[in-house]
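Residue-level structure breakdown
Read off the chains here:
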Amino acid sequence: MVDLFQKKVLMLALYAGEIMMRNGAEIYRVEDTMTHICKACKMDNVEVFATPTGIFISMDRGGDEDDTQTYVKRIKGISTDLRKISQVNHFSRQFSAATLSVDEGMTVLKEIDDRGIYPLPVRLLGAAMISSAFCLIFGGSAADCCISVFSGILGYLFSVFLNKLKINSFVTGFCSCALVAFIALSAASLIDAATYDPIIIGTIMLFVPGVALTNSIRDFLSGDMLAGVARLMETILTALSLAAGAGVVIKLWEILGGGAIL
Amino acid sequence: MITILLQLLCSLLMTCGFCIIFNVPSRKFPLCCIVGAVSWMSYQAFTFLEMSPVFSTFISSCLVWLFSNIFARVFKETSTMFIIPGIISLVPGAGTYYSMLAMLEYTNKSFGETVKETILTAGAIAAGLLLMGSVTGVIIMITKKINRL
């Protein structure tokens, strides 16, 4: 016979873990949050095993005759949303203080999950800020800075578009960097004052795998070797695909005679 | 002096931009900007003192960890929220690009140099976070033991 309350708690903990995992939390935080939620509902035997691609949870009430329930949840499409991580973290604290019922908890989590990110124009402004600032830092002139504003906006817009089409992150990085390199090279050949190096560097920083690198180290630190290795590999592959995207375009430009096409 | 101000302005701008892209709540922007400015300006300061870029990155990433965890404790937030926007300016994007360029030109010597520096810089970020994480872990453990006595 299925224990309905236990099942509800299971789904609640799983949902909380899924939101955190999909938005780029570290493994130990996900496991901690899920365990806290279950323990707050008097489930004494809880084991959670989380990896970046899936969560396994199994639990029972701790008695001799209780049924154990186990659930495997596949995680698809990791992005980064620090607001959701922090809100789920707050939620688990609130829930552990036992002021919420399980059904109320589920509605709160749904609210957190449905809350959107900043609107696209604001994010484009952010992208422009990043690319122009990095362009200046890595030795760009005023003209480079102006061009990198446009290349940042276009590159970010293109990556958002490819993400909408559910294309994997390596191909997205490759294509966006190729586009950015093309913009930078054409700008440099059309405008005398512009050089393409700082423009490309500034815009590459938008796609750099900083989150994966940081998280992989923190996973290693807390002893989750599997997740650490997986994220380290993600970091290396993303960096390679970014470099390859820019490199292919630069080489092609050289072979095809560069500014002669324009 | 003007270059220092410009660097500071740039570091604030880019941290702000990353905060928007990673969807940090707007009330936390100033704190993230402080962490970002600390990371980039300390990196600049140490390279100005003629330390190697790798070592400067190492110290900066230690500082980012320290500031993020202090802010996290004080403001009851997750430390991820401050670490990620803070540390991303140290990630060697320029190094990746230059090593790619060196590979295209096929001058073996400079390729080896740039790749080595890029990998070491990424490793320095990792080492900084690892070191500070282990040290704080040990300190917390010891203080707990002492409190129990």
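Chain B appears in an unreviewed UniProt entry as Threonine/serine exporter family protein from Lentihominibacter hominis. Recorded under Subcellular location (unreviewed entry), the UniProt text for chain B is reproduced unchanged: "Cell membrane". Per UniProt, chain B has the following entry under Sequence similarities (unreviewed entry): "Belongs to the ThrE exporter (TC 2.A.79) family."

As annotated in an unreviewed UniProt entry, chain A is Threonine/serine exporter family protein from Lentihominibacter hominis. For the record of chain A, the UniProt heading Subcellular location (unreviewed entry) holds the text "Cell membrane". What UniProt states about chain A under its Sequence similarities (unreviewed entry) heading is, verbatim, "Belongs to the ThrE exporter (TC 2.A.79) family."

**A short note on the packing of aromatic side chains**
All told, the structure shown has 14 aromatic pairs over all chains when counted by the stated rule. Judged by centre distance (6.4 Å) and plane angle (70°), the rings of A:Phe134 and B:Phe18 are edge-to-face. Residue A:Phe134 is located in helix α5 (residues 120-137), and its partner B:Phe18 is located in helix α1 (residues 2-21); the two belong to separate chains. Residue class for B:Phe18 comes out buried when judged on its relative accessible area of 1%.

**A few points about the state of the cysteines**
All names here are of chain A. Scanning the model with the defined rule gives zero disulfides over all chains in all. Here Cys38 stays free of any disulfide, with the sulfur of Cys41 as its closest cysteine sulfur at 7.2 Å. Owing to a relative accessible area of 0%, Cys38 belongs among the buried residues under this scheme.

**Some words on the environment of B:Met51**
Residues and elements named next belong to chain B. Residue placement: Met51 occurs in the loop between α2 (29-48) and α3 (53-75). Overall, Met51 belongs to the partly exposed group, its relative accessible area being 30%. On a C-alpha basis, the gap between Met51 and Leu101 in space is 25 Å, while along the polypeptide they are 50 residues apart. Ignoring sequence-local partners within four residues, the contact set of Met51 consists of Phe46, Ser56 and Ile59.

**Side note on the interface of chain A and chain B**
With 46 residues of chain A at the contact, the number on the chain B side is 46 residues. Each partner contributes to the roughly 4,200 Å² buried at the junction of chain A and chain B, and carbon and sulfur atoms together form 76% of this total. When the buried surface of chain A facing chain B is broken down by residue, A:Leu82, A:Tyr118 and A:Ile137 rank first, second and third, together holding 15% of it. Linking chain A to chain B there are zero salt bridges. Applying the counting criterion to the chain A and chain B interface returns 11 residue pairs in polar contact (both at pLDDT 80 or more).

**Focus: helix α7 (residues 169-190) of chain A**
Over its 22 residues, α7(A) runs 31 Å from end to end, which matches the ideal 32 Å to within 8%, given 1.5 Å per residue. Where α7(A) begins, one side-chain oxygen reaches toward the backbone nitrogen of A:Phe170, 2.9 Å away; that side chain belongs to A:Asn168.

**Focus on the sheet that holds strand β1 (residues 45-51) of chain A**
All names here are of chain A. If you walk across this open sheet you meet the three strands as β1-β2-β3, and the pairing is antiparallel. Each end of this open sheet is capped by a strand with a single partner; those strands are β1 and β3 (69-74). Recorded for the sheet is a direction-independent mean angle of 10° between the axes of neighbouring strands. In this sheet, strand β2 (residues 54-60) lies alongside β1 in antiparallel orientation, the contact comprising seven bridges. Pairing of Ala50 across the sheet is with Ile55, part of β2.

**Considerations on the UniProt feature "domain: Threonine/serine exporter-like N-terminal" (unreviewed entry) in chain A**
In the numbering used here, UniProt assigns the "domain: Threonine/serine exporter-like N-terminal" (unreviewed entry) feature to residues 12-252 of chain A. Helix makes up 68% of residues 12-252 of chain A and strand 8%. Its end C-alpha atoms lie 52 Å apart.

**Quick notes on helix α6 (residues 142-164) of chain A**
For α6(A), built from 23 residues, the straight-helix expectation of 33 Å at 1.5 Å per residue is met to within 8% by its first-to-last C-alpha distance of 33 Å. Every buried residue of α6(A) is accounted for by A:Asp144, A:Cys145, A:Ile147, A:Ser148, A:Ser151, A:Gly152, A:Gly155, A:Tyr156, A:Ser159, A:Val160 and A:Leu162. For α6(A), the secondary structure elements touched by its buried residues are α5, α7 and α8 (196-204) of chain A together with α1 of chain B. The positive-phi residue at the C-terminal boundary of α6(A) is A:Lys166, with phi of around 60°.

**Remarks on a negative patch on the surface**
A surface patch of like charges, here negative, comprises A:Asp64, A:Glu65, A:Asp66 and A:Asp67. The topology assignment puts A:Asp66 in the loop between β2 and β3.

**Observations regarding the UniProt feature "transmembrane region" (unreviewed entry) in chain B**
All names here are of chain B. Under the UniProt annotation, the feature "transmembrane region" (unreviewed entry) is placed at residues 43-67, 79-99 and 119-142. In residues 79-99, the share of helix is 71% and the share of strand is 0%. The end C-alpha atoms are 32 Å apart. For residues 119-142, helix accounts for 100% and strand for 0%, while the C-alpha atoms at its two ends are 34 Å apart.

**A word on the domain arrangement of chain A**
Residue and element names in this part refer to chain A. Domain parsing of chain A yields domain 1 (4-114) and domain 2 (120-257). Here the C-alpha centre of domain 2 lies 34 Å away from the C-alpha centre of domain 1. Listed per partner, the contact involves 12 residues of domain 1 and nine residues of domain 2. Summed over both partners, the interface of domain 1 with domain 2 buries about 800 Å², with 58% contributed by carbon and sulfur atoms. Viewed at the interface, domain 2 and domain 1 are joined by one salt bridge. The salt bridge involving Glu26 is made with Arg218; its shortest N-O contact spans 3.2 Å.

Reading the values: rules and limits
Residues numbered from 1 in each chain as written. Chains lettered and ligands numbered in written order. Predicted model: local features only at pLDDT ≥ 70, side-chain atom pairs only at ≥ 80, totals over all residues. Heavy atoms only, no water. UniProt positions renumbered as here; feature names shortened; annotations may be inferred. Phe/Tyr/Trp six-rings, centres within 6.5 Å; stacked < 30°, edge-to-face > 60°. Helix = DSSP H or I, 4+ residues; strand = E, 2+ residues; numbered from the N terminus. Buried < 20%, exposed > 50% of the residue type's maximum accessible area, 1.4 Å probe, protein only. Disulfide = S-S within 2.5 Å. Contact = heavy atoms within 4.5 Å. Buried area = accessible area lost by both parts, 1.4 Å probe. Salt bridge = Lys/Arg side-chain N within 4 Å of Asp/Glu carboxyl O. Polar contact = N/O pair within 3.5 Å; in protein donor to acceptor, adjacent residues only side chain to side chain. Expected span 1.5 Å × (residues − 1). Pairing = 2+ DSSP bridges. Axes fitted to C-alpha atoms, helices over the stretch in contact; angles between N-to-C directions. Patch = residues over 30% accessible without salt bridge, like charges linked within 9 Å, V, L, I, M, F, W, Y side chains within 5 Å. Areas by Shrake-Rupley, 256 points an atom, 1.4 Å probe, with all protein chains shown as cover. Lys, Arg positive; Asp, Glu negative; His and termini not counted. Charge placed at Lys NZ, Arg CZ, Asp CG, Glu CD. Domains from an automatic or database assignment.

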